Amino acid sequence: MLITALALSFALSTAPQDPPTHRQAVNCTGVFLFTAVLTAQAAEADPTVENRETAELAATLMRAADASRLEAASREGLSIDDSSGALDAWLETNETGGDTILERELDGCIGLYGYAIPGV
């Protein structure tokens, strides 16, 4: 189900985009980290092919966003430590509102990092 939603979201957002800002990349790294944790838990509890593929997809998106975070930090003159600190702060701030964050931010992040979805 999540894979279908991810694919549809990507299909609807194929317009070329500027590289994400560091702030956007930090946000999406956090969003995809939450998604990766939730989908990995689902795959562990119910190890269907779809759940495993969804967990792998979430991890792929998280890696793409994290790489983008480091690229954006470099473009914007931030150190790796500063960038990691920004991600840590984001995670700490949002650790109790994961579901709300996902509802609000997931589509936009998929729009930014949909290129990382294999076969779409």
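Rules and cut-offs
- Residues numbered from 1 in each chain as written.
- Predicted model: local features only at pLDDT ≥ 70, side-chain atom pairs only at ≥ 80, totals over all residues.
- Heavy atoms only, no water.
- Phe/Tyr/Trp six-rings, centres within 6.5 Å; stacked < 30°, edge-to-face > 60°.
- Helix = DSSP H or I, 4+ residues; strand = E, 2+ residues; numbered from the N terminus.
- Buried < 20%, exposed > 50% of the residue type's maximum accessible area, 1.4 Å probe, protein only.

K.L.:
What is the right way to read the packing of aromatic side chains from this model?
P.N.:
Two measures describe an aromatic ring pair: the distance that separates the ring centres and the angle between the ring planes. Per the stated rule, a full pass over the model turns up three aromatic pairs. Geometrically, the ring pair formed by Phe 34 and Trp 90 is tilted, given 5.5 Å between the ring centres and 40° between the ring planes. Residue Phe 34 is located in helix α2 (residues 22–45), and its partner Trp 90 is located in helix α4 (residues 80–94); the two are separated by 56 residues in the primary sequence. Accessibility expressed as a relative area gives 13% for Trp 90, which makes it buried. Judged by centre distance (6.1 Å) and plane angle (50°), the ring pair of Tyr 113 and Tyr 115 falls under tilted. Classification of Tyr 115 as exposed rests on a relative accessible area of 56%. Here the aromatic residues Phe 32, Tyr 113 and Tyr 115 are joined through ring pairs into a cluster of three or more.

K.L.:
Which parts of the structure should I look at to understand the environment of Glu 103?
P.N.:
Inspection of the secondary structure assignment puts Glu 103 in helix α5 (residues 98–113). Each C-alpha atom of the pair Glu 103 and Val 31 lies 9.8 Å from the other, and the pair is 72 residues apart in sequence.

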